Amino acid sequence: MKKSKIFKGIILSAIVCIASISCHKDKEEIKVPVTGVKLNKHEISLNVGSKEALLPVIMPANATNKKVSWKSADAKIAKVDAAGFVTGVAEGKTIIIVTTANNGKTDSCKITITGKPVSITGVSVKPETAKVETGKTVQINATLAPADATNKKVTWKSDKESVATVDASGLVKGIAAGKANITVTTEDGGKTAACEVTVE
């Protein structure tokens, strides 16, 4: 009787051991190691205080562990955060390095930092007044000051879209008879200018 129990115990232990090995093997097969990493950019020029994101592409695409770490060769020139955002600190050149947590694969981007950004001091539009027929379009152009401003992004808006609409380039379309103010706003500094549009 004792021998039978011992024998059954041995068999049970063997089954558990085999199942454990099989399960461990499955986990190993599921785990896909990293074979490389590539940044979306390998050279960037920034102004002091400006930011830009670097995006790492992990290879293969189905790699199990896609975690990476970032490092600047000279944080006094440019710094980088845990998300890959690079910020210009001072004029000069340095390198940003990305390293994969799995297998330690690396890639790098050359960074050139130039002087401080040039801020916008004002914006104007031409024409300042315009007429357009229903269903037709008229172009309004924005002029930024100074001309060498770093951030030249602007947004356009109509105060009466039932009368006239405007797209991202300043192209106005007449919708119905009436008047509407088309305003341009700079992303840097929030400077504005407006054109009064009469729809006939």
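Because the structure is predicted, anything quoted here is derived from the model rather than measured.

Caption draft 1: Representation of the side chain of Thr 87 in the model. Locating Thr 87 in the fold gives a position in strand β7 (residues 85-88). The contact partners of Thr 87, leaving out residues within four places of it in the chain, are Gly 49, Ser 50, Lys 51, Ile 77, Ala 78 and Lys 79.

Caption draft 2: Looking closely at the pattern of salt bridges. With the rule as written, the count across this model stands at 3 salt bridges. The residue Lys 41 makes a salt bridge to Glu 52 at a minimum N-O spacing of 2.2 Å. Of this pair, Lys 41 sits in the loop between β1 (36-39) and β2 (43-47) while Glu 52 is found in strand β3 (residues 51-53), placing the two residues 11 residues apart along the sequence. A relative accessible area of 33% means that Lys 41 is categorised as partly exposed. Owing to a relative accessible area of 22%, Glu 52 belongs among the partly exposed residues under this scheme.

Caption draft 3: The arrangement of the sheet that holds strand β14 (residues 154-158) in detail. Here we have 4 strands laid out as an open sheet, ordered β11-β18-β17-β14, and mixed in their pairing. Of all strands in the sheet, those with a lone pairing partner are β11 (129-132) and β14, marking the two edges. Strand after strand, the sheet turns through a mean of 25° between neighbouring axes, direction not considered. Across 4 bridges, β11 lies against strand β18 (residues 192-199) in parallel orientation. The residue bridging Thr 129 from the neighbouring strand is Glu 196, located in β18.

The rules behind the values
- Sequence order as written defines residue numbering, which begins from 1 separately in each chain.
- Only residues with pLDDT of 70 or above have their local features reported here, since the model is predicted, and side-chain atom pairs are shown and tallied only from 80 upward, although totals for entire chains, interfaces and linings are computed over all residues.
- In computing side-chain properties, one takes all heavy atoms of the structure into account and sets aside hydrogens as well as water.
- Each helix is a run of H or I in the DSSP string that is no shorter than four residues. Each strand is a run of E no shorter than two, and both are numbered from the N terminus.
- Contacts are residue-level and defined by heavy atoms, with any inter-residue pair within 4.5 Å sufficient.
- Think of a salt bridge as a Lys or Arg side-chain nitrogen and an Asp or Glu carboxyl oxygen that are within 4 Å of each other.
- Only protein chains enter the accessibility calculation, which uses a 1.4 Å probe; a residue is then buried when its area is under 20% of its type maximum, exposed when over 50%, and partly exposed in between.
- Strand pairing requires that DSSP identify at least two bridges connecting the strands.
- Helix axes are fitted to C-alpha atoms over the stretch in contact, other axes to C-alpha atoms as well, and angles between N-to-C directions run from 0 to 180 degrees.

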